[in-house]
Number of protein chains: 2
Amino acid sequence: METVGILGGTGPAGRGVAIRLASCGYDVVLGSRDAARASDIAKGIAPRGDGTVRGATNEDAAQCGLVVVATPWDSAVATVSALRAHLSGKTVISMVNALSREGRELVPLYPARGSMAAQIAFALPDSTIVGAFHHLPAAQMEDLDSGLDADVVIFSDNDPARQRVGELVSQMPGLKGVVAGSMSLASPIEAFTAVCISINIRHKAHSYVKLAGLSH
Amino acid sequence: METVGILGGTGPAGRGVAIRLASCGYDVVLGSRDAARASDIAKGIAPRGDGTVRGATNEDAAQCGLVVVATPWDSAVATVSALRAHLSGKTVISMVNALSREGRELVPLYPARGSMAAQIAFALPDSTIVGAFHHLPAAQMEDLDSGLDADVVIFSDNDPARQRVGELVSQMPGLKGVVAGSMSLASPIEAFTAVCISINIRHKAHSYVKLAGLSH
């Protein structure tokens, strides 16, 4: 089974993806600027199944066959730029959202190229960028008993890559991958994360997007 | 019961809102540039319940206590600007999305003020703007037997107005109003419509957004 590296994987978003990837058999490398901290955090992650989670540097994580970017939005481009050679020829999944807190809400920020995925694509011209995992509540992702049953909206300009990521996501417990289309949809998909989180703050909930009426 | 006017109400989006408003008791005035055509279309709408749907001019529709803007995005500002005096002091619901077809996808357009709701708010400084009804599949809305069970994400800078619209929406069969927050969320909510429609084109479906995990 392929290994998956998660850049900036020690935060809630990265940990949630890690445990669910490992629970369907993948060996996950949780990357961080601080490998010792990543190792500590990885030890606290208990997947169910044959997969593993280990902590390492972001550079180690970038050696994996498939790489997920889960850094804060304002360090994503710097992180991937430094790893461009390692990421060359690979599929790189961006789950990055540019958001800002304003009072009780999170509001979207629009990067110069329209989306963080587009910023990352510009920084990684030799990689194939796919967007996924944007609207998921982190605490529910981390807890395999949360009953999560979410649709994950996926986009890329590369059809085989987005289909492959869609199949990968659908293997993960509690998730179903739904290919939405091209990078033209990156901006609304990323920005809608602000709506999901604002609803959850306002309604003291951990809601997530289901696409009712879609036959899976 | 209050009357509800729908500007540009003869299109699929307006008709779907009309039949479901009338089915929970509202008298709906379907506005159009062509009142005769609006009357013909209104006669074809068969709500269940005490409400009615009649066709009229947009000016007639704008006399109602509550007004919904359902015109195409590129005529919304011109339509409401001409009716500013009639709409003064009222709550105006925008369901307008600025979208463009590109191949198999719909992609979002970003109006100068970030959203069509903001454009409409600028054109109607004496009205209170609320956004609602953006992500709904029109055919399912029009068909009361479609089994529709959708969450409608609502935004406004005016808290009483958005709460009131949320309650109105939750009265409509098949819909639940969920207040997301302020006009800062207008842009991602409107733009996400492009994602919903693109998914439906690609997957030959009529899916819609449910916020799983939200206790209603």
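One can find the structure itself at the top, above this paragraph.
Just so it is clear, the model here is predicted, and its values are computed rather than measured.

Visitor: Sorry if this is basic, but what is going on with the packing of aromatic side chains here?
Guide: Any pair of aromatic rings gets described here by the distance separating the centres and the angle formed by the planes. On inspection of all chains with the given rule, the structure shows two aromatic pairs over all chains. Between the aromatic rings of Tyr110(A) and Tyr110(B), the centroid separation amounts to 5.2 Å while the plane-to-plane angle is 50°, which identifies the pairing as tilted. Of this pair, Tyr110(A) sits in the loop between β7 (105-108) and α6 (116-123) while Tyr110(B) sits in the loop between β7 (105-108) and α6 (116-123), on two different chains. Residue class for Tyr110(B) comes out partly exposed when judged on its relative accessible area of 36%. Ring geometry for Phe192(A) against Phe192(B): centres 3.9 Å apart, planes inclined by 10°, an arrangement best described as stacked. Of this pair, Phe192(A) sits in helix α9 (residues 186-202) while Phe192(B) sits in helix α9 (residues 186-202), each in a different chain.

Visitor: For this particular structure, what's the right way to read the pairing of strand β11 (residues 208-212) of chain B?
Guide: Remark: a regular strand shows side chains that alternate across the two faces of the sheet. Within β11(B), five of the five residues are buried, which leaves it mostly tucked inside the rest of the structure. Taking every second residue as pointing to the same face, both faces of β11(B) are buried, with Tyr208(B), Lys210(B) and Ala212(B) on one and Val209(B) and Leu211(B) on the other.

Visitor: Would you mind showing me how to read the pairing of β7(A) here?
Guide: Residues and elements named next belong to chain A. Neither face of β7 is exposed, since Glu105 and Val107 on one face and Leu106 and Pro108 on the opposite face are all buried. In this sheet, β7 lies alongside strand β6 (residues 99-102) in antiparallel orientation, the contact comprising four bridges. By the bridge assignment for β7, Leu99 is matched with Pro108. In this structure, the hairpin formed by β6 and β7 is closed by a connection of two residues, where Gly103 is found at a positive phi of approximately 60°.

Visitor: Just checking my understanding: could you explain the pattern of salt bridges for this structure?
Guide: A side chain with one charge can pair with a side chain of the opposite charge if their charged atoms come near. Residue and element names in this part refer to chain A. This structure, assessed with the given rule, holds 12 salt bridges over all chains. Residues Glu142 and Arg15 are paired through a salt bridge, measuring 2.9 Å at the closest nitrogen-oxygen approach. Placement of Glu142 in helix α7 (residues 138-142) and of Arg15 in helix α1 (residues 12-22) is noted, with a sequence separation of 127 residues between them. Given the relative accessible area of 30%, Glu142 is considered partly exposed. Here Asp145 makes a salt bridge to Arg48, at a shortest N to O gap of 2.9 Å. Separated by 97 residues along the polypeptide, Asp145 in the loop between α7 and β9 (150-155) and Arg48 in the loop between α2 (35-43) and β3 (52-57) bring together distant segments of the chain. The class for Asp145 is exposed, based on a relative accessible area of 58%.

Visitor: Just to check I follow, could you spell out the relation of the copies chain A and chain B for this structure?
Guide: Put simply, the two copies of the chain differ by a rotation about an axis and a shift along that axis. The operation relating chain A to chain B is a screw motion whose rotation component is 180°, with 0.0 Å of axial translation and a residual RMSD of 0.0 Å. Taken together, the turn and the small shift mark the pair as related by a two-fold rotation axis. Across chain A, the rotation axis passes nearest the C-alpha of Lys210(A), at a separation of 2.5 Å. The fraction of interface residues of chain A whose copies in chain B are also interface residues reaches 100%, indicating that both copies meet through the same surface.

Reading the values: rules and limits
- Residues numbered from 1 in each chain as written.
- Chains lettered and ligands numbered in written order.
- Predicted model: local features only at pLDDT ≥ 70, side-chain atom pairs only at ≥ 80, totals over all residues.
- Heavy atoms only, no water.
- Phe/Tyr/Trp six-rings, centres within 6.5 Å; stacked < 30°, edge-to-face > 60°.
- Helix = DSSP H or I, 4+ residues; strand = E, 2+ residues; numbered from the N terminus.
- Buried < 20%, exposed > 50% of the residue type's maximum accessible area, 1.4 Å probe, protein only.
- Pairing = 2+ DSSP bridges.
- Salt bridge = Lys/Arg side-chain N within 4 Å of Asp/Glu carboxyl O.
- Least-squares fit on C-alpha atoms with pLDDT ≥ 70 in both.
- Contact = heavy atoms within 4.5 Å.

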